[in-house]
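# Residue-level structural notes
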Amino acid sequence: MAIIAELRGTEAVIDLDAIRHNVHFFGQHVGEEVAVMAVVKANAYGHGAVPVARAALQAGATWLGVACAEEAGELRESGIHAPILILGASNGEQARLAVELNIDLTVFDEYGWEAILKAGSLYNKRPRVHLKVDTGMGRLGVFPDTLLSTWVPRLLDPRVIWQGLMSHLAESDAREPDFTREQLSVFLDVIETLRTHASLPPIIHLANSAAALRFPGTHGNLVRIGIGLYGVAPFEGAKGLKPAMRLGSRVTFVKRLASGRPLGYGRTYHTSAATTIAGVGIGYADGYRRALSNRAHVMVGNRPCPVVGRISMDQMTIAVPDDLSVRVGDEVTLFGPELSVNQVADWADTIGYEILTGISPRVNRRYLGV
Ligand SMILES: *Cc1c(COP(=O)(O)O)cnc(C)c1O
């Protein structure tokens, strides 16, 4: 698979020095007292979980975050011993895998709690658990009014180790800060209640990338950094991060179409004058989305060229300005330092996260700064 992709010249080049830079950037921002968790779920947002995790740990991240036990297993299998937290749900089988591999688990309901206890007794180990509180997201998390009656007694049970208290923010990237302030205030109340009437676990965490940069009050003693780790601005106007991925391909053909000619499936584009068209060896099966047809532009050298006609499964077409000479084999950048993934996401009516995680396995990953 990789060999085919390499020959085709369609690749995601991942700069691990950019990952290291971004870890330093967040580390400096939150200060020495606050640990950085590198969130490497979904194959490190498409960048490759193992190489990214290694680079992030080298740069000073001390925790890794994943979505599920299987992702944690991949990291352990590659010899990574750092603390790992599963941020999502775990069923019985997943809880067993996590406990076996010394992975921390998030608990937020009865079902998960039972699974964790069973896994602990099976391996004769004390599972390490982070309690997730719903402060307004409405998704995973126990309600604050169940803490003292139900959850604190459970977490103080000697069969588990109560490692963390956490919550998750619904719109820390939004222009309006009000709801984040509201969630933070609920979280601070929870902390105060536990401090006064029970006890607190050692690790308190709430912030994702956007909150880590915008809301210092959310830092606790650990921040969970995903999108920012990859150098993608977590909110409009965020500065100082370095994009880690460049998605590139190559010109596969060049031809001149006369004025008034249709182009591609559905004839969604017609030349309005004689136009040089170049084919590019990437399509929606690679994760360059069809919604970008007739909307996006790409970079050839430092020149933007519009995507014209429908994006197909394995290829697409661009219009080449008359004063730009393009040849078969020339490099084309779909996004990267010179064209942000957020811009591409805007054109496709989605978010950078979805573009990054949608880059398919057919696209070869090549690493710089290994
Ligand atoms: C994915 C995830 C993060 C990281 O969010 P970013 O916006 O990518 O920084 C943090 N916390 C939880 C619980 C997550 O699931």
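Let us look at the structure shown here. (Residues numbered from 1 in each chain as written. Predicted model: local features only at pLDDT ≥ 70, side-chain atom pairs only at ≥ 80, totals over all residues. Heavy atoms only, no water.)

Regarding its fold elements, the protein chain presents 12 helices and 18 strands. In terms of its C-alpha atoms, the protein chain occupies a principal-axis envelope of roughly 80 × 45 × 35 Å. In the protein chain, 66% of the contacts between residues at least 6 apart in sequence involve partners at least 24 apart. The averaged location of the 37 negative side-chain charges in the protein chain is 6 Å from the averaged location of its 36 positive side-chain charges. (Helix = DSSP H or I, 4+ residues; strand = E, 2+ residues; numbered from the N terminus. Contact = heavy atoms within 4.5 Å. Lys, Arg positive; Asp, Glu negative; His and termini not counted. Charge placed at Lys NZ, Arg CZ, Asp CG, Glu CD.)

Attention now moves to the pattern of salt bridges. Side chains that differ in sign of charge can pair as their charged atoms come close. Following the criterion strictly, the structure yields 16 salt bridges and no others. Across the pair Asp-157 and Arg-159 runs a salt bridge, and its minimum N-O distance is 2.7 Å. Of the charged contacts in the structure, one is a salt bridge between Arg-246 and Glu-331, with a shortest N-O distance of 2.9 Å. Pair noted here: Arg-246 is in strand S10 (residues 245–257) and Glu-331 is in strand S17 (residues 331–335), with a separation of 85 residues, a long-range link. You can call Arg-246 buried: its relative accessible area is 17%. A single network of salt bridges, built from pairs that share partners, joins Arg-8, Asp-286, Asp-314 and Arg-362. (Salt bridge = Lys/Arg side-chain N within 4 Å of Asp/Glu carboxyl O. Buried < 20%, exposed > 50% of the residue type's maximum accessible area, 1.4 Å probe, protein only.)

In this structure, Val-40, Leu-75, Leu-229, Tyr-288 and Met-316 are the most contacted members of the largest nonpolar core, which totals 119 residues. Apart from residues no more than four positions distant in its own chain, Leu-229 is found in contact with Ile-19, Asn-22, Val-23, Phe-26, Ala-38, Val-39, Val-40, Val-52 and Ala-56. Counting residues in each nonpolar core, the second largest holds five residues, with Leu-257, Leu-263, Ile-277 and Ala-319 among its members. (Core = buried A, V, L, I, M, F, W, Y, C linked by side-chain atoms within 4.5 Å.)

The local shell around the ligand consists of Val-39, Lys-41, Tyr-45, Leu-87, Lys-132, His-168, Asn-208, Ser-209, Arg-224, Gly-226, Ile-227 and Tyr-353. Residue Ser-209 places a side-chain N or O atom 2.5 Å away from an oxygen atom belonging to the ligand. Within the side chain of Tyr-353, a nitrogen or oxygen atom sits 2.7 Å from an oxygen atom of the ligand. In the complex, 92% of the free accessible area of the ligand, which totals 390 Å², lies under the protein chains. Taken together, the residues of the shell around the ligand break down into five nonpolar, four polar and three charged. (Near = heavy atom within 4 Å. Polar contact = N/O pair within 3.5 Å; in protein donor to acceptor, adjacent residues only side chain to side chain. Areas by Shrake-Rupley, 256 points an atom, 1.4 Å probe, with all protein chains shown as cover. Nonpolar A, V, L, I, M, F, W, Y, C, P; charged D, E, K, R; others polar.)

Looking now at the side chain of Ser-209. By the element assignment, Ser-209 lies in helix H10 (residues 209–214). Given a relative accessible area of 3%, Ser-209 falls into the buried group. Reaching out from Ser-209, the side chain makes a polar contact with the backbone nitrogen of Gly-228 at a distance of 3.1 Å. Ignoring sequence-local partners within four residues, the contact set of Ser-209 consists of Phe-26, Arg-224, Ile-225, Gly-226, Ile-227, Gly-228 and Pro-234.

On to the packing of aromatic side chains. To describe a pair of aromatic rings, you give the distance between the ring centres and the angle between the ring planes. In total, this model carries four aromatic pairs according to the counting rule given. Considering the side-chain rings of Trp-113 and Trp-151, the 6.3 Å spacing of their centres and the 80 degrees angle between planes classify their relative orientation as edge-to-face. With a gap of 38 residues between them, Trp-113 in helix H7 (residues 110–123) and Trp-151 in helix H8 (residues 147–155) connect regions that are remote in the sequence. An identical accessibility class is assigned to Trp-113 and Trp-151; each is buried. Taken together, the ring pairs connect Tyr-45, Tyr-230 and Tyr-353 into an aromatic cluster. (Phe/Tyr/Trp six-rings, centres within 6.5 Å; stacked < 30°, edge-to-face > 60°.)

This brings us to the environment of Leu-75. Within the secondary structure, Leu-75 sits in helix H5 (residues 69–77). Take Leu-75: its relative accessible area is 0%, and that puts it in the buried class. Along the backbone, Leu-75 and Ala-274 are 199 residues apart, and their C-alpha atoms lie at a distance of 53 Å. Excluding its chain neighbours within four sequence positions, the residues that come into contact with Leu-75 are Val-40, Ala-49, Val-50, Ala-53, Leu-64, Val-66, Ile-80 and Ile-84.

Of note, Asn-43 is a non-glycine position whose phi angle comes to about 55 degrees, a positive value. Turning to its location among the elements, Asn-43 is positioned in helix H3 (residues 41–45). By relative accessible area, which is 34% here, Asn-43 ends up partly exposed. A positive phi angle, close to 55 degrees, is found at Asn-102, a residue other than glycine. Looking at where Asn-102 falls in the secondary structure, it is placed in the loop between helix H6 (92–100) and strand S5 (104–107).

What is shown is where atoms sit, not what they do.
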